[in-house]
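# Breakdown of the fold
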Amino acid sequence: MNLPGGQHIVKALTRHGVDALFTLSGGHVFPIYDGAVKEDVRLIDVRHEQTAAFAAEAVGKLTGRPGVAVVTAGPGVTNTVSAVTAAYENGSPLVVIGGRAPAFRWGQGSLQEFDHIPLMAPITKHAATISDQADAVDVVDHAWALSSTPKQGPVFIDAGIDVQVSPAEIDYPDIDPPLQSAPDPALIESIAGLIESAERPVIVAGSAVQLAGAHVDIRQIAEKGAIPVFANGLGRGTLAPTHPMAFSRARSVAFKSADLVVVVGTPLDFRLGFGQFGSAKVVHIVDHAAGVADHVDIAAAAVGDLPGVLAALAETISDADRNDWVETLRTAEHVKRLEDRDLMATDGAPLHPARIYHDLLPLLDNDTVVIGDGGDFVSFAGRFIDSPQPGRWLDPGPFGCLGSGPGYALGAAIAAPESSIVLLAGDGAFGFAGIEIDTFVRHGIDVTVIIGNNGIWGLEKHPMQAFYGYDVAADLQTGTRYDQLAESLGATGHFVTSPEQLRPALEESLSAAGVSVVNVLTDPAIAYPRSANLM
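Below: a short report on this structure. (Residues numbered from 1 in each chain as written. Predicted model: local features only at pLDDT ≥ 70, side-chain atom pairs only at ≥ 80, totals over all residues. Heavy atoms only, no water.)

## As for the overall build of the chain
- If you tally the helices and strands in the chain, you get 22 helices and 19 strands.
- The C-alpha extent of the chain, read off along each of the three principal axes, is 70 × 60 × 45 Å.
- For the chain, with 535 residues in total, the buried portion stands at 56%.
- Of the contacts formed within the chain by residues at least 6 apart in sequence, a portion of 75% connects residues at least 24 apart.
- If you sum the accessible surface of the chain, you get close to 21500 Å²; carbon and sulfur atoms cover 52% of it.
- Considering the chain, the positive charge centre built from 33 side chains and the negative charge centre built from 63 side chains are found 4 Å apart. (Helix = DSSP H or I, 4+ residues; strand = E, 2+ residues; numbered from the N terminus. Buried < 20%, exposed > 50% of the residue type's maximum accessible area, 1.4 Å probe, protein only. Contact = heavy atoms within 4.5 Å. Areas by Shrake-Rupley, 256 points an atom, 1.4 Å probe, with all protein chains shown as cover. Lys, Arg positive; Asp, Glu negative; His and termini not counted. Charge placed at Lys NZ, Arg CZ, Asp CG, Glu CD.)

This is the structure in structure tokens:
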């Protein structure tokens, strides 16, 4: 097909199932826009390029296939850096396509002339420039394959506007399915032996379990071996909350008492105490060799296609009865849930942040995608909200980049159009990208935004007071009317200052079409009790 380079780029993406591009308008990508129009690919324009990249990452998180962001040259690309880095740390499939100043003018001071590759290479799996329009399809296919291959992650490509407007005759090659490696039988036997000899094993299911669609295999292992399962990141929902092997509140008891911890599809980072589980042996199962932890002693490690490894393990282990261990954790779980219930019932104004979940949880259905964007406020959300199935919880991940929520909500609306979208945002986090309410309204996105508004950077203020006896740079305005900001952008706003106002505001927002913002004044004196640290 003899087409301009920009249209070849878009057409190559459509062969991989891409039907939407997240973007912010810029002249250096106009030919790609023209290709999108001609190929009937939806353009979803946002108010900041970071949001475009976060939205594309959310598509990758929820579907396991890369989402695509298209951004203009120079600041368009540099504005994506935090979001791309987050995707790199999360292992999220993502393709970012940048515009570029024309090659024939390079070095003469063209508008937004900047070599993006040295900047993007350290935070992506690969960064490359399409220097010849005849190579456009091959470069896109290569980027797609790299992003989709474990460890999944972001890939960056750019193309000069001269390359995008120049025509080329290209024959489109067939797309080969990814190769899956068979698990090592001896290694599977070894891990199965560790499981069968353990009296108190637990499984931790991480984000790669969701991306690989391996939750069914985890469930088979848990049921056959009577092994309690805890979830991490996107792994939430691997087992339904009602499953007899599903646990969330008893993590401390489990990790202190277990004699074997099988960690699947997530690094042994600060979220898991850096892999220190008392005297327990550790098995690490990951989808790429570099993911195996080298900072702790590992009893066994398996690398490969997660469904293949886990299915083989499920077939190999024997049926087991671990009722005493399961009941020990179930008792601890029950006690913690009773404590949570009492905390969520706290009354008074301004509201305890936990009080929001007392009224919100009964209103969520099994298909609701819940997105957390914030510090302490979202920590409460992570504690109280149970995901009924995989792909129904999104948070920033270990990089901890605030401002991801609006982009994630936008991407979730595209990837899961039949689902309700609830964005839980701290007031600090909302300040990063709250203007994207305009984006939701313009593109007809249905989303309910609930803001925990305590007027401080809670995740910083309380620890700094504990360390130094004082705090600085940790205060925001008190009682800011984010609901009125939302109304000025075309959304519906609710201002909640007492518990009695909360439930009606939530019910109205969740039942109404369009964008609603529920601005809840929460108590700045409440700090989330956390054990994770910075060192």
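## Some remarks on the pattern of salt bridges
- For the coordinates displayed, the defined rule picks out 23 salt bridges.
- Put simply, Asp340 and Arg249 hold a salt bridge, and the shortest N to O gap is 2.5 Å. Highlighted residues: Asp340 in helix 14 (residues 323-344) and Arg249 in the loop between strand 10 (229-231) and helix 12 (251-257), separated in sequence by 91 residues. Side by side, Asp340 and Arg249 carry an identical accessibility label, which is buried.
- Across the salt bridge formed by Arg337 and Glu333, the nearest N and O atoms sit 3.2 Å from each other. One end of the pair, Arg337, and the other, Glu333, are both in helix 14, 4 residues apart, so they sit about a helical turn from each other.
- For Arg337, a relative accessible area of 29% gives the class partly exposed.
- Each of Arg249, Glu333, Arg337, Asp340, Arg383 and Asp386 takes part in a single network of salt bridges with overlapping partners. (Salt bridge = Lys/Arg side-chain N within 4 Å of Asp/Glu carboxyl O.)

## A word on the environment of Pro4
- Here Pro4 is to be found in strand 1 (residues 2-4).
- Taking C-alpha positions, Pro4 is 6.1 Å from Gln164, a pair spaced 160 residues apart along the chain.
- If near-sequence neighbours (up to four positions away) are discounted, Pro4 is found in contact with Gln164, Val165, Ser166 and Pro167.

## A word on helix 1 (residues 5-14)
- Counting buried positions along helix 1 gives 9 out of 10 residues, so the element sits mostly inside the fold.
- Within the span of helix 1, buried status applies to Gly5, Gly6, Gln7, His8, Ile9, Val10, Lys11, Ala12 and Leu13.

## Considering the packing of helix 1 against helix 2 (residues 30-38)
- Relative orientation of the contacting elements helix 1 and helix 2 amounts to 50 degrees, with a least axis distance of 7 Å. Taken together, the axes of helix 1 and helix 2 lie oblique to each other. Along this stretch, helix 1 crosses helix 2, giving a crossing that reads as right-handed. Seen from helix 1, the contacting residues are Gly6, Gln7, Ile9 and Val10; seen from helix 2, they are Pro31, Ile32, Gly35, Ala36 and Lys38. (Axes fitted to C-alpha atoms, helices over the stretch in contact; angles between N-to-C directions. Parallel < 35°, antiparallel > 145°, perpendicular 65-115°, else oblique. Left-handed = near helix turned anticlockwise from the far one by under 90°.)

## Side note on the packing of aromatic side chains
- Applying the stated criterion across every chain, the model contains 12 aromatic pairs.
- Both rings, one in Tyr357 and one in Phe384, keep their centres 5.7 Å apart while their planes meet at 50 degrees; by these two values the pair is tilted. Placement of the pair is Tyr357 in helix 15 (residues 355-360) and Phe384 in helix 16 (residues 376-384), with a sequence separation of 27 residues.
- Tyr357 sits in the buried class, given a relative accessible area of 0%. (Phe/Tyr/Trp six-rings, centres within 6.5 Å; stacked < 30°, edge-to-face > 60°.)

## Comments concerning the nonpolar core
- Judged by nonpolar contacts, the single largest core of 55 residues is most densely connected at Ile371, Ile437 and Val447.
- In terms of residues, this core owes the most to one element, helix 3 (residues 49-63), which gives 8 residues.
- Counting residues in each nonpolar core, the second largest holds 54 residues, with Ile191, Ile195, Ala205 and Ala208 among its members. (Core = buried A, V, L, I, M, F, W, Y, C linked by side-chain atoms within 4.5 Å.)

## Re helix 11 (residues 215-225)
- By the burial criterion, the buried members of helix 11 are Asp217, Ile218, Ile221, Ala222 and Gly225. For helix 11, the angular spread of the buried residues around the axis is 135 degrees, confining them to a single face.
- As for helix 11, its buried residues are in contact with strand 9 (201-205), helix 10 (207-212), strand 10, strand 11 (260-264) and helix 13 (306-316). (Arc of directions from axis to C-beta.)

## Here we look at the pairing of strand 2 (residues 20-23)
- Of the two faces of strand 2, both are covered, the one formed by Ala20 and Phe22 as well as the one formed by Leu21 and Thr23.
- Bridge count for strand 2 against strand 3 (residues 42-45) is 4 bridges, and the pairing is parallel. Note that in strand 3 the partner of Leu21 across the bridge is Leu43.
- One ladder, built from 2 bridges, connects strand 2 with strand 4 (residues 67-71); its direction is parallel. Directly across from Phe22, in strand 4, lies its bridge partner Ala69. (Pairing = 2+ DSSP bridges.)

## Side note on the pairing of strand 13 (residues 300-303)
- Residues Ala300 and Ala302 point to one face of strand 13 and are all buried, whereas Ala301 and Val303, pointing to the other face, are not buried.
- Pairing geometry for strand 12 (residues 281-286) and strand 13, over 4 bridges, is parallel. Each bridged residue has a counterpart across the sheet, and for Val283 the counterpart in strand 13 is Ala300.

## Topic: the sheet that holds strand 16 (residues 421-426)
- If you walk across this open sheet you meet the 6 strands as 15-14-16-17-19-18, and the pairing is parallel. With one partner strand each, in any of the chains shown, strand 15 (393-394) and strand 18 (492-496) form the two edges of the open sheet.
- Summarising the sheet, strand 17 (residues 447-453) and strand 19 (residues 515-521) pair through 7 bridges and their orientation is parallel. Bridging across to strand 19, Val449 finds its partner in Val517.
- Sheet strands touched by helix 17 (residues 405-415): strand 14 (369-373), strand 15, strand 16 and strand 17. Its angle to strand 14, the strand with the most contacts, is close to 165 degrees.

## Looking at the environment of Leu21
- With respect to the helices and strands, the residue Leu21 is situated in strand 2.
- Here Leu21 falls in the buried class, since its relative accessible area comes to 1%.
- For Leu21 and Tyr33, which are 12 residues apart along the polypeptide, the C-alpha to C-alpha distance reads 9.3 Å.
- Sequence-distant contacts of Leu21, defined by excluding residues within four places in its chain, comprise Leu13, Ile32, Ala36, Val41, Arg42, Leu43, Ile44, Val68 and Val70.

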